[in-house]
Amino acid sequence: MSIFNSVGETIKRYGCSVKITDGSKDATVKAFVEPLRYKNRVYVGGEYHYLGYRRTEKYLYVGLPEYVLAENSSVIEMQKKKYIVKRCETYYVKDCPVYVWAILLPYGETLEDDYESD
C-alpha cells in the first residue's frame, strides 16, 4: 500500500466526522482535530508563553486533500464546537497531495493572539 492510500485510509477509518463550511458550501468529511500542545513553552509563531497567563487555545486539523480550506474563512465544526482556520497547508510527496493540515482557533471568540499589540 502506498503512502497516499495508507494516510487516506487512516483518516477515513479513525478520523471524526467534521463539517467544513466555507461561504455557502458545506461538506461533511472525516478528519482529526486535536488540541495543539505546548512544546518547550514555544507555541505557534515562535512566542514564549507562560502557562495560565494567556488564553491561546489552538487546535490541529489533519484531513484529506480533496477538501480545500481557506484561511480566515473556512469553519470546522466537530462535536458541537466550531473552529476557524487560521493557517493551512497541503503536504505533498512527489508532487501529489497526501493530506491537509491546519491551525484552528475557536470560532466566534476573540483570543489575545487576535489583538494587535500596542
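Structure report, in brief. No experiment lies behind these values; they were computed from the predicted model shown. (Residues numbered from 1 in each chain as written. Predicted model: local features only at pLDDT ≥ 70, side-chain atom pairs only at ≥ 80, totals over all residues. Heavy atoms only, no water.)

## Some words on the pairing of strand E3 (residues 59-63)
Where we set the bar: Only protein chains enter the area calculation, which uses a 1.4 Å probe; residues under 20% of their type maximum are buried, those over 50% are exposed, and those in between are partly exposed. Each helix corresponds to a stretch of at least 4 residues labelled H or I by DSSP, and each strand to a stretch of at least 2 residues labelled E; elements are numbered beginning at the N terminus. DSSP bridges decide pairing: two strands pair if at least two such bridges lie between them.
Among the five residues of E3, four are classified as buried, and the element is accordingly described as predominantly covered. Bridging between strand E2 (residues 25-35) and E3 involves five bridges; their strand directions are antiparallel. Pairing of Ala31 across the sheet is with Gly63, part of E3. Looking at chain direction, E3 and strand E6 (residues 96-106) are connected through five bridges and run antiparallel.

## Considerations on the nonpolar core
As a reminder of what qualifies: Only buried residues count toward a nonpolar core, which is a set of Ala, Val, Leu, Ile, Met, Phe, Trp, Tyr and Cys residues joined through side-chain atoms within 4.5 Å. Two residues qualify as a contact provided that any one of their heavy atoms is within 4.5 Å of a heavy atom in the partner residue.
Membership of the largest hydrophobic core comes to 16 residues, with the highest contact counts inside it found for Val18, Val33, Tyr61, Leu69, Ile76 and Leu104. Counting only elements with at least two residues in this core, the list comes to strand E1 (16-22), E2, E3, strand E4 (75-78), strand E5 (81-93) and E6. The residues touching Leu69, leaving out its near neighbours within four places in the chain, are Ile20, Tyr61, Ser74, Ile76, Val85, Cys88, Val100 and Ala102.

## Here's the deal with the side chain of Asp22
Rules: Note that His is not counted, nor are the chain ends; the positive residues are Lys and Arg, and the negative ones are Asp and Glu. A pair is scored as a salt bridge if a Lys or Arg side-chain nitrogen falls within 4 Å of a carboxyl oxygen belonging to Asp or Glu. Pairs of N or O atoms within 3.5 Å make up the polar contacts considered here, provided that, within protein, one atom can donate a hydrogen while the other can accept it, and that residues adjacent in sequence are counted only when both atoms are side-chain atoms.
Structurally, Asp22 can be placed in strand E1. Put simply, Asp22 is tucked away with no salt bridge, and the nearest opposite charge, on Lys25, sits 4.9 Å away. Looking at Asp22, its side chain comes within polar contact range of the side chain of Ser74, at 3.4 Å. Here Asp22 is in contact with Ala70, Ser73 and Ser74, once residues within four sequence places are set aside.

## Digging into the environment of Tyr99
The residue Tyr99 is located in strand E6 in this model. In this structure, the C-alpha to C-alpha distance between Tyr99 and Leu64, residues 35 residues apart in sequence, is 4.9 Å. Setting aside its immediate chain neighbours within four residues, Tyr99 contacts Val7, Ile11, Val62, Gly63, Pro65, Glu89, Thr90 and Tyr91.

## Section: the packing of aromatic side chains
Note the cut-off: Side-chain rings of Phe, Tyr and Trp (the six-membered ring for Trp) are treated as a pair once their centres are within 6.5 Å; stacked means planes under 30 degrees apart, edge-to-face means over 60, and tilted covers the remaining angles.
For the structure shown, the criterion picks out two aromatic pairs. Each ring, one from Tyr59 and one from Tyr83, has its centre 4.8 Å from the other, and the planes form 55°; the classification is tilted. With Tyr59 in strand E3 and Tyr83 in strand E5, this pair connects stretches of sequence that are 24 residues apart. With relative accessibility at 16%, the residue Tyr59 sits in the buried group. What makes Tyr83 buried here is its relative accessible area of 6%. With centroids separated by 5.0 Å and ring planes inclined at 20°, the aromatic side chains of Tyr91 and Tyr99 adopt a geometry described as stacked. A residue is classified by how much of its surface remains accessible, and Tyr91, at 37% relative accessible area, is partly exposed.

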